[in-house]
Amino acid sequence: MRIAHSTRLKLRSIFQGRKVESELDEELQFHLENKIAEGVGAGLSEKAARQAAMRAMDGLEQQKERVRDTRGIHWLTDFTDDVRYAIRSLHRTIGLTAFVVLTLAVGIGMVSATFSMLDALIFRPYPVPHPGSVLTLVSTTHDNSYDDFSYREYLDLRDKTTSYDGVIAYADMQAVGFSANPAATPRVRGGMLVSGNFFQVLGVEPRIGRSFRADEDQVPGRDAVVVLGPDFWRHEFAGDPSVLGRKVRLNGVDFTVIGIAPDSFPGLQIFGHPDFYMPMAMVRSFSTNPQKNFLEDRDDREVNVKARLKPGVTLQQARNELAVLAKNFESEYPQLNRARGAAVHSSFEMRTRADDVNWKFGVIFVILALSVLLVACTNVAGLLLSRARSRTREIAVRLAIGAGRFRIIRLLLTESLILALLGGLGGIVIGYGIVQWFHSYQSVILMSDLPVAIPFQMDVRALLASLALALLSALLCGLAPALQSTRADLVNGLKSADVDVPGRKRLWGRNVLVVAQVAASLMLLTAAFLMVRGFQHGVLESTNFPKDHLLLASFDPRLIQYNPSQTKQFYKLLTERVRSAPGVQDATLTQNIPLGFDDYEFEPLAFVPENFQMPRDRQNFSVLTDTVDEAYFRTMQLPILHGRVFRESDTSETPRVAIVNEQFAKHYWPNADAVGKRIRLDSADGTPVEIVGVTQTLKYQATVETPMDFLYLPLAQHPVTRMTLTLRSAGDPLQSLGPLKDVVRSLDPNLPMLLTRTYEDYYINKAVKGPSVAINLVGAMGVVGMLLAVAGLYGLVAYNVSRRTREIGIRMAIGANRSDVLRLMMGKGLILVGIGIALGLGMGFAVERLMNAMLFDSGGVDVLAYATVVPAMLLITVLATYLPARKATQIAPTQALRYE
Amino acid sequence: MSKPTDLVQGTLDLLLLKILALEPLHGWAISLRLRAISGDVLQVSEGSLYPALHKLEQEGWITAEWKQTENNRRAKFYSLTRMGRQQLESEAANWHRLSTAISQIVQLAEGQTSEA
């Protein structure tokens with residue numbers, strides 16, 4: 001009641017200020033008039049009565065001010081006064097203001113863009129209600145801390161755990177042949193197999209229609225129903241609600257559309273947004289490991305498992321429960337689950353997993369962007385400092401007529417707050433621009449026929465972060481100058497327009513700023529340089545086979561329901577006919593290609609080398625494999641260093657063979673020839689496989705990977721359904737596209753060709769353009785940082801020169817020559833540069849360590865990087881001190897002495 | 001001009017509340033009333049009257065209204081609110097306790113302090 005009352009009065013004095021003031025005036029005038037009338041009545045003259053009355057009231061204006069104090073809105077009126085004053089004084093130095101705002105905008109823009117990236121990769125919650133309680137369950141082995149579960153294991157997890165309000169499973173998004181009606185040729189779309197309780201446990205209500213019923217996931221092959229993703233529904237069916245109940249064809253099987261997922265739920269993954277969801281019981285129509293039975297085999301580990309933690313159950317309890325369950329699996333199925341554990345992870349833990357490189361780039365980008373902002377802030381602080389100093393007299397006047405120091409600091413902080421807010425707005429614009437620039441690379445970075453998208457957005461979270469940063473930088477930039485300028489000596493301040501705090505401390509603040517700038521920009525440049533070198537290193541070193549004249553096309557006969565023997569026949573005919581097509585020199589089939597497609601993974605293979613002393617805690621090792629036909633090494637022109645290539649005589653009837661890379665050979669047989677050695681599959685008494693050849697080590701998954709073990713299996717002994725055809729053409733590989741299409745059409749007109757492109761095109765996108773996004777970004781940060789540092793350094797020396805013009809004049813008048821003056825002016829700057837570079841080198845080493853640890857793993861120090869960056873930095877900074885210093889030497893003493 | 005004895009902190013509030021408890025008045029009338037009641041003993045600077053009144057208004061103890069005076073001038077009349085009345089009662093009680101205590105101390109004969 002009382003608060004409401006006083007709030008009403010406060011609001012009234014804020015919003016009806018003029019009326020309240022005039023009422024106050026009227027009230028006091030009324031009193032005054034009565035008082036004068038009283039005086040006149042007592043026999044005083046009109047004038048004397050007025051004077052007496054004024055005295056009695058201790059002055060009208062003073063009383064008004066006291067009354068205003070009682071309103072308790074001083075902070076606000078002061079603030080609006082400050083804002084008005086700050087805008088006026090910023091407007092007076094419009095050039096400086098613009099420079100400061102731009103500087104801050106660049107800094108904040110860099111951070112907000114990179115933060116939006118990191119946010120999407122790490123922090124953004126799942127697009128479901130109560131996302132915090134959704135946990136990920138993973139199977140763990142020695143080699144893979146994030147393995148999938150099998151469907152059978154999932155059923156056990158679902159039925160035997162008590163910590164969760166539901167456990168869901170889904171397979172990775174896969175290519176599905178989709179046609180809206182039976183007559184249409186299938187096109188490739190991305191579909192996801194999910195457990196029947198998927199939507200219900202996640203709490204996702206369909207936009208229209210319904211989600212799966214629990215009983216629709218019980219009987220294999222019975223319930224052919226599909227839920228469409230919101231974007232797919234809009235593009236494919238123009239958002240038509242009558243699509244419900246209609247039949248669509250997926251991989252040749254008719255499915256009934258039962259629901260549309262809501263716009264708020266594009267999917268659980270960061271990048272992939274499924275076009276539709278199918279119940280897991282329909283798995284037989286979709287592609288899974290052909291050697292296994294998805295619904296039955298406990299070791300066909302292809303499903304991701306997530307669970308919603310019950311309220312009141314702790315993560316630790318869930319972990320303990322799962323650990324027990326994993327132990328039970330191990331004792332129940334010793335063959336399949338030996339040395340296999342399980343773990344529960346939060347979404348943050350899953351997204352910052354050690355084997356994922358994207359978020360690490362995000363972290364490094366944010367760190368670098370923050371250092372750009374730091375350089376920007378120090379630069380702005382430096383500018384404000386010199387601005388504040390040239391306003392010493394104004395501030396001294398204010399202090400002298402009674403303004404409190406706090407009040408002045410507040411005024412100056414208001415100024416930097418306004419600068420920072422403008423900078424923040426500019427930063428949001430710049431950040432938005434950078435994010436759009438990322439998006440323009442989308443098709444380049446994510447080469448896929450599946451619906452994947454770069455998820456970076458300037459969303460509310462990124463905007464809030466930018467604003468918070470702007471406020472923080474206001475404090476950073478504004479506080480030091482404000483504190484320093486209000487400490488000025490009043491007497492001197494009133495005498496001169498520009499005065500320093502006496503003593504050696506006077507330029508200390510600015511010196512620190514310059515050192516920080518030089519150091520941070522040196523670090524940024526080093527990082528940019530290392531990034532370029534890291535990628536070059538990674539790419540050039542190990543993909544040096546001829547990449548021109550290669551055409552790629554992928555096939556998945558399961559999309560049209562081929563059985564294994566049909567598949568085998570198809571691939572046999574395909575390669576035969578393609579090889580004899582016009583313009584084709586050779587052709588080969590592989591499961592995946594070097595720098596492989598993201599949608600196709602290299603299969604891991606468990607093995608034990610024969611006569612190898614296994615570590616006590618291990619049953620077997622794991623290596624990534626590619627399955628290739630006998631023409632592979634010939635077509636790709638990959639050298640076999642020892643031994644032989646696969647031959648047609650290697651068939652399913654003959655002993656099993658494999659080819660390994662140099663890295664693998666050196667790893668297990670460092671002192672002997674690997675050719676002729678044997679490995680056993682799965683365990684020491686598994687099927688023997690003889691190594692018949694050693695080939696060169698390549699980059700297999702990414703340009704920034706460390707050299708890894710790799711093994712090739714012959715297609716004849718290890719059939720795979722989804723294969724990529726690589727053909728080598730005599731001329732332009734795209735010329736062979738027509739003949740290739742003819743061949744495929746003659747074999748089966750319904751089979752879609754996926755990912756058709758030249759290898760060179762693929763390689764340039766994957767290994768050149770993709771990394772160049774990162775290189776450009778970091779490079780831009782380095783250049784911006786350096787420009788800011790140069791501007792800061794130049795400003796410092798120029799300012800110093802202009803302040804000491806008189807002193808220089810005196811020195812020159814009494815006989816100092818130009819080089820003395822030059823030395824005097826540059827000396828300080830150079831010392832600062834020296835300290836800055838020394839610090840920057842240290843920071844550069846630290847960043848190199850960080851980048852090596854997180855990304856490139858190249859070990860040693862990149863001498864060339866420092867040998868390039870440091871002299872360049874030195875040259876530029878020396879120039880930045882020399883130019884203004886030279887000006888000092890050109891001052892005529894007569895002029896300088898008159899100068900004030 | 002001789003400065004009036006400073007009022008004990010907070011007593012001006014009490015006086016104003018008490019005066020307004022009798023009838024709604026405007027500022028000038030309040031100052032006249034103050035002078036009339038207390039004679040020359042308590043002098044309130046006529047200036048400090050208004051900050052005090054506005055403070056009481058902020059507290060919600062008194063409320064203001066523009067009305068015509070008997071001379072047909074517009075003036076701001078203050079009157080006591082319900083909360084103001086409660087405040088007056090508690091402040092009056094406080095004042096009574098305090099002044100009784102002080103006057104007892106003042107009336108003590110020399111040498112009696114230790115037994116008080």
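Residues numbered from 1 in each chain as written. Chains lettered and ligands numbered in written order. Predicted model: local features only at pLDDT ≥ 70, side-chain atom pairs only at ≥ 80, totals over all residues.

1. A short note on the overall build of chain A
Secondary structure assignment for chain A yields 28 helices and 23 strands. Here chain A has a C-alpha radius of gyration of 37 Å; the compact-globule value for 900 residues is 29 Å, and the former is much larger. Going through the 900 residues of chain A one by one, you find that 42% of them count as buried. Counted over contacts in chain A with a minimum sequence separation of 6, partners at least 24 positions apart contribute 82%. (Helix = DSSP H or I, 4+ residues; strand = E, 2+ residues; numbered from the N terminus. Rg over C-alpha atoms; globule rule 2.2 N^0.38 Å. Buried ≥ 20, exposed ≤ 12 C-beta atoms within 10 Å, placed from the backbone. Contact = placed C-beta atoms within 7 Å.)

2. Focus: the overall build of chain B
Scanning chain B from N- to C-terminus turns up four helices and three strands. Looking at chain B as a whole, 26% of its 116 residues are labelled buried. Looking at chain B alone, contacts between residues at least 24 apart form 51% of all its contacts between residues at least 6 apart.

3. Points about unusual backbone geometry
All names here are of chain A. The phi angle at H549 is positive, at roughly 65 degrees, despite the residue not being glycine. Among the structural elements, H549 can be located in the loop between helix 19 (508-542) and strand 13 (550-555). Among the residues examined, H549 registers 19 C-beta atoms within 10 Å and is labelled partly exposed. Not every positive phi belongs to a glycine, and D682 is a case in point at roughly 70 degrees. Positionally, D682 belongs in the loop between strand 19 (678-681) and strand 20 (688-695).

4. Notes on the pairing of strand 15 (residues 603-609) of chain A
In terms of strand pairing, strand 15 of chain A meets strand 16 (residues 621-628) of chain A through five bridges, oriented antiparallel. Bridging across to strand 16 of chain A, F607(A) finds its partner in F621(A). (Pairing = 2+ DSSP bridges.)

5. Comments concerning the domain arrangement of chain A
Bring the parts together and some accessible area is lost; that lost area is often taken as the interface size. Residue and element names in this part refer to chain A. By domain assignment, chain A separates into domain 1 (2-72), domain 2 (148-339), domain 3 (358-541 + 766-898) and domain 4 (550-762). Between domain 2 and domain 4, the residue contacts involve 12 residues of the former and 13 residues of the latter. Broken down by class, the residue content of the side of domain 2 that touches domain 4 amounts to five nonpolar, five polar and two charged. (Domains from an automatic or database assignment. Nonpolar A, V, L, I, M, F, W, Y, C, P; charged D, E, K, R; others polar.)

6. Concerning the sheet that holds strand 3 (residues 74-80) of chain B
All names here are of chain B. With antiparallel pairing, three strands are arranged side by side in an open sheet as 1-3-2. The open sheet terminates on both sides in strands that have one partner only, identified here as strand 1 (25-26) and strand 2 (62-68). Pairing geometry for strand 2 and strand 3, over seven bridges, is antiparallel. Counted as the bridge partner of A64 is Y78 from strand 3.

7. Brief notes about helix 20 (residues 564-579) of chain A
An ideal rise of 1.5 Å per residue puts 22 Å on 16 residues; helix 20 of chain A measures up with 23 Å between its terminal C-alpha atoms. Elements in contact with the buried residues of helix 20 of chain A: strand 14 (584-590), strand 22 (723-729) and helix 23 (737-747) of chain A. (Expected span 1.5 Å × (residues − 1).)

8. Considering the confidence of the model for chain A
With 92% of its residues at a pLDDT of at least 70, chain A reaches an overall mean of 83. Note on residues 497-505 of chain A: pLDDT is under 50 here. Beyond four places in sequence and across chains, it has 15 contacts. (pLDDT = per-residue confidence, 0-100.)

9. Some words on the interface of chain A and chain B
Contact with chain A, which involves 22 residues of that partner, is made by 17 residues of chain B. Where the side of chain A that touches chain B is concerned, the elements lending two or more residues are helix 1 (2-15), helix 2 (17-41), helix 3 (46-56) and helix 4 (60-70) of chain A. Examining the composition of the side of chain A that touches chain B, we find that six residues originate from one element, helix 2 of chain A, more than from any other. Grouping the constituent residues of the side of chain A that touches chain B by class yields six nonpolar, nine polar and seven charged.

10. Focus: the pairing of strand 11 (residues 301-309) of chain A
Residues and elements named next belong to chain A. Burial runs high along strand 11: eight of the nine residues are buried. Relative to strand 11, strand 1 (residues 134-140) runs antiparallel, the two sharing four bridges. Bridged to L135 within strand 11 is A307. Of the pairings in the sheet, the one linking strand 3 (residues 164-171) to strand 11 comprises six bridges and is antiparallel in character. Opposite A171, over in strand 11, you have V303 as the bridge partner.

11. With respect to the packing of helix 2 of chain A against helix 4 of chain A
Residue and element names in this part refer to chain A. Contact pair helix 2 / helix 4: the axes reach a minimum separation of 11 Å and the direction vectors enclose 135 degrees. Taken together, the axes of helix 2 and helix 4 lie oblique to each other. Both helix 2 and helix 4 take part in a crossing whose hand is right-handed. Between helix 2 and helix 4, the residues in contact are L24, L28 and L32 and L60, Q63, K64 and V67, respectively. Looking at the contact of helix 2 with helix 4, its residues break down into five nonpolar, one polar and one charged. (Axes fitted to C-alpha atoms, helices over the stretch in contact; angles between N-to-C directions. Parallel < 35°, antiparallel > 145°, perpendicular 65-115°, else oblique. Left-handed = near helix turned anticlockwise from the far one by under 90°.)

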